[in-house]
Amino acid sequence: MSVDRTRGVAIVNEVMDPMDGDTVFGQRWGSGALVRITAKELNALMEGKIIAVDVDGESVVYLQLDTESED
């Protein structure tokens, strides 16, 4: 597992249900839903596009590839 608390991003091996206790970021609320992306969406990220993700029909999260990162 790799956690970057400054950016609020973690690489994990499995989905953690926030109702089971703490997540990698501490206590959180919500469904803990898993969003699967397709190869087409992954390729779009690699091409510099941004992916919008609907979260529980209430919020939107945007994903963008960090091209300046050394990781």
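Quick caveat, the model's predicted, so the values are computed rather than measured.

Visitor: In this structure, what is going on with the layout of surface pockets? I would like to understand it.
Guide: Rolling a probe over the atoms, with the probe sized like a water molecule, indicates the empty space that remains. The space that makes up the largest pocket amounts to roughly 2000 Å³. Along its surface, the largest pocket is lined by 42 residues, and Gly8, Val9, Ala10, Phe25 and Leu63 are the ones closest to its centre. Secondary structure elements with two or more residues in the lining of the largest pocket: strand 1 (2-4), strand 2 (9-11), helix 1 (39-46), strand 3 (50-55) and strand 4 (59-64). At 5 residues, strand 4 tops the list of elements feeding residues into the lining of the largest pocket. The residue inventory of the lining of the largest pocket, partitioned by class, reads 24 nonpolar, 9 polar and 9 charged.

Conventions we followed
Residues numbered from 1 in each chain as written. Predicted model: local features only at pLDDT ≥ 70, side-chain atom pairs only at ≥ 80, totals over all residues. Heavy atoms only, no water. 1 Å grid on protein atoms, 1.4 Å probe; cavity = no way out; pocket = protein on both sides within 12 Å on 5 of 7 lines; lining within 4 Å. Points joined across faces, edges and corners; volume = space filled by probe spheres on them. Helix = DSSP H or I, 4+ residues; strand = E, 2+ residues; numbered from the N terminus. Nonpolar A, V, L, I, M, F, W, Y, C, P; charged D, E, K, R; others polar.

None of this, on its own, says anything about what the molecule does.
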